[in-house]
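# Residue-level structural notes
Below, each chain spelled out in residue letters.
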Amino acid sequence: MNQNEAASQIAHLREELEKQNHNYYVLNNPTIDDFTFDQMLSELIGLETEFPEFFDANSPTQRVGSDHNQDFKQVAHKYQMLSLSNTYTEEEVQEFDQRAHKLTDENFEYVCELKFDGVSISLTYEKGLLVKAVTRGDGEKGDDVTANVKTIKSIPLRLKGDYPDEFEIRGEILLPFSIFEMLNRDREEIGEQPFANPRNAASGTLKMQNSSVVASRKLDAYLYYVLGDNLPDDGHIELLHHASQWGFKISEHTRKCKNLQEIFDFLHEWNIKRKELPVATDGVVIKINSSRIQQELGFTAKSPRWAIAYKFKAERVSTTLNSVSYQVGRTGAVTPVANLTPVLLAGTVVKRATLHNEDVIKSLDLHMGDTVFVEKGGEIIPKIVSVDLTGRHPMSEPIQFIERCPECNSLLIRQDGESAWYCPNETGCPPQIKGKLEHFISRKAMNIDGLGSETIELLFQKKLINDIADLYDLKQSDLVGLDRLGEKSATRILDSLETSKQVPFERVLFALGIRYVGETVAKKLARDLKSIERIETASIEELTGVEEIGSKIAESLVNWFADDRNKRLVDRLKSQNLRFEMKSEQKEGQTDKLKGLSIIISGTFEKISRDDLKAFIELNGGKNVTSISAKTNYLVAGENIGPSKLEKAQKLKIPIISEDDLLQLTN
Ligand code: IVH
């Protein structure tokens, strides 16, 4: 493919992929299957790598994020990001309407829209391209989170239709309930405290340093406020309709309301219907539609006079606390759970509520037999919000957190700075043993087919397994004859265990279930340190030297390997032939003469193909990069090099060399 053909194919693929992103993530109406989409995306990635002169920061390929750590720059907002004043009753909404009418003689209409409960974001577009995404911060200035926001598929990187040359659009970044639940399950698996609600999870995700992890979290975004000098309409709702044409995701539930009655109808309707939405909402925002009248009314120091938030009341009931039970997780963390007299709340019967940890019990000052208020708000899981002290028996005892493990009677420990109590008996406490086994066999870890939590329970009960290495000692005769297990299932389990010996080191490391060592951390450790021996003997300093590894993770690793039982476990697994090092093949001609150098190649070459040149750079330890930055060490220029690339290299004073010069560098 020549350069011209590549240019037009790249443009075609970019347009088609953005259209499909829009169909899928904004319109909820995909028109091609995932496989075709992935094929087009990999074709584009291939072409962009081969023809780096066509790099574009807003290409759909940029949505996968990058592995590099980023620092967030503080950026001043062009228009201050104010908040809204809150109301909780219809009377207050009525007062807002009266105040507004006092401030202007003109007639006006309102728009009611859902108040999304996420993280607010300001997006700036210039000439149809997303150039900046900034968090609210203190309202005056926020964090530049552009790289992370680019990974959100429902946010257009390039607009369609007739958009203003320059404008800002604000909205809310959200983590859908379904993703939130999956994320929390994963966090609990590695002993991380789960996020309290989708808003915290979205906010934590948006501030992550590694944008490729952000990309995997599947954030969503609704936009609700267009700002700029040359906007195509006066009306707020009309502007939102325009924005929807430009490619933004706008809530379809936004509605014009002529009077208070229509506003109240909207409030009543959505107080119920919001429970069916895939994302969290905590109220309704009522805005005057006309921008001209909005300007006439202006702002107070904190909020606009032309808009108000009506907050939904979280549904709340009172019931009795009958007892507190304690659950022990895979990592030994002990979670207190309140057992309540069953009560109907927001359509479901609530019998239990999580109490999270000891501090929550203390701050509620819970006593046995208390009458408690239970709420179901953005948190989804019901929680106890307060105690009705009027109903407390004078002799009732405060709840004392248990001192010993309810499963194995070990003395619990609580480390400085941690909120959870842990059972330290990792290898003898049944829920910890079973939890570790279940984690080890799970899909993202060793992926053992045919084994599930019921079979694990059974094998544990029959004393056939007590740790993960025991799995590899299982024989056909151990399995056949167990409840519901025939020849066929037994063979499948044994085959699958055999196959798992080929699972790469990074997944074995994750499967060991070391606290805080999740999938990403395991990958980084395996790729950087290459073998279990190096991880085992690494100091805290060496471990924290690895990207993304902080002192909490490093300490957890050092403690894990300091325990002889864990060392023996690893030795057994090694003798069972599991992979404990990265597979690395020393290739012929391999050197590290270009180590640490970032090299970009551009144009076509006479003696060598571009692919071979790239392979040559890698073989000698160099890194092929696709865009020029101040960090690029060399530009290897061939025939027909793109003029903009050349210009940029000259501007940044990056040495421009020929292919022969490159060969010289390795001699
Ligand atoms: S309008 C000047 N509309 O609520 C007013 N805000 O307390 C600009 N929010 O920071 C905000 N849904 O994060 C507006 N439909 C909506 C909203 C909304 C959620 C959030 C936003 C803002 C906060 C105001």
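The paragraphs below set out a description of the structure included in this document. As the structure is a computational prediction, the values presented were derived from the model and not from experiment.

Surveying the vicinity of the ligand reveals 14 residues, the closest of which are Glu113, Phe116, Ser120, Glu172 and Tyr224. Note that a nitrogen atom of the ligand is positioned 3.0 Å from one of the backbone N or O atoms of Leu114. If the ligand stood free it would expose 530 Å²; the protein chains cover 91% of that surface. Counting only elements with at least two residues in the shell around the ligand, the list comes to strand 3 (110-116), strand 8 (220-227) and strand 10 (281-288). Considering each element in turn, the shell around the ligand owes the most residues, 4 residues, to strand 3. Residues belonging to the shell around the ligand are distributed by class as follows: 7 nonpolar, 2 polar and 5 charged.

To continue, consider the packing of aromatic side chains. Scanning the entire structure with this criterion turns up 18 aromatic pairs. Geometrically, the ring pair formed by Tyr125 and Phe167 is stacked, given 5.6 Å between the ring centres and 10° between the ring planes. Placement of the pair is Tyr125 in strand 4 (residues 119-126) and Phe167 in strand 7 (residues 166-174), with a sequence separation of 42 residues. Taken together, a centroid distance of 6.3 Å and an interplanar angle of 25° make the contact between Phe401 and Trp421 stacked. Remark: Trp421 occurs in strand 17 (residues 421-422) and Phe401 occurs in the loop between strand 16 (383-387) and strand 17; sequence separation between them is 20 residues. On the basis of relative accessible area, Trp421 is assigned to the partly exposed category, the value being 22%. Grouped by ring-pair contacts, the aromatic residues Tyr125, Phe167, Trp246 and Phe248 constitute a single cluster. Lying across the ring of Phe195, Arg187 places its NZ or CZ 4.0 Å from the centre. One Lys or Arg, Lys552, reaches over the ring of Tyr516 and ends 4.4 Å from the middle of that ring.

Attention now moves to helix 9 (residues 260-273). With 14 residues, helix 9 should cover 20 Å at 1.5 Å per step; its first-to-last C-alpha distance of 20 Å lies within 8% of that length. Within helix 9 the residues assigned to the buried category are Leu260, Ile263, Phe264, Phe266, Leu267 and Trp270. Seen end-on, helix 9 carries its buried residues on one side only, within an arc spanning 155°. Taken together, the buried residues of helix 9 touch helix 3 (90-103), strand 3, strand 9 (255-257), strand 10 and strand 11 (307-311). The backbone nitrogen of Gln261 has a side-chain oxygen 3.2 Å away, supplied by the residue at the start of helix 9, namely Asn259.

Strand order in the open sheet formed by 4 strands is 19-18-20-21, and the pairing between neighbours is parallel. Where the open sheet ends on each side, the last strands, each with one partner, are strand 19 (623-624) and strand 21 (656-657). As judged from the 2 bridges shared by strand 20 (residues 634-637) and strand 21, these two strands associate in the parallel manner. Note on strand 21: the bridge partner recorded for Val636 is Ile657. Contacts from helix 23 (residues 610-619) reach strand 18 (598-602), strand 19 and strand 20 within the one sheet, and its direction differs from that of strand 18 by about 170°.

Right, let's get into the pattern of salt bridges. For side chains of opposite charge, pairing can occur when their charged atoms come near one another. All told, the structure shown has 43 salt bridges when counted by the stated rule. Salt-bridge contacts for Arg392 lead to Asp370; the nearest nitrogen and oxygen are separated by 2.8 Å. Linking Arg392 in the loop between strand 16 and strand 17 with Asp370 in the loop between helix 11 (358-364) and strand 15 (371-376), this pair joins segments that are 22 residues apart in sequence. The exposure class assigned to Arg392 is buried, which follows from its relative accessible area of 19%. Judged by relative accessible area, Asp370 falls into the buried class, the value being 1%.

Procedures and definitions
- Residues numbered from 1 in each chain as written.
- Predicted model: local features only at pLDDT ≥ 70, side-chain atom pairs only at ≥ 80, totals over all residues.
- Heavy atoms only, no water.
- Near = heavy atom within 4 Å.
- Polar contact = N/O pair within 3.5 Å; in protein donor to acceptor, adjacent residues only side chain to side chain.
- Areas by Shrake-Rupley, 256 points an atom, 1.4 Å probe, with all protein chains shown as cover.
- Helix = DSSP H or I, 4+ residues; strand = E, 2+ residues; numbered from the N terminus.
- Nonpolar A, V, L, I, M, F, W, Y, C, P; charged D, E, K, R; others polar.
- Phe/Tyr/Trp six-rings, centres within 6.5 Å; stacked < 30°, edge-to-face > 60°.
- Buried < 20%, exposed > 50% of the residue type's maximum accessible area, 1.4 Å probe, protein only.
- Lys NZ or Arg CZ within 6 Å of the ring centre and 35° of its normal.
- Expected span 1.5 Å × (residues − 1).
- Arc of directions from axis to C-beta.
- Contact = heavy atoms within 4.5 Å.
- Pairing = 2+ DSSP bridges.
- Axes fitted to C-alpha atoms, helices over the stretch in contact; angles between N-to-C directions.
- Salt bridge = Lys/Arg side-chain N within 4 Å of Asp/Glu carboxyl O.

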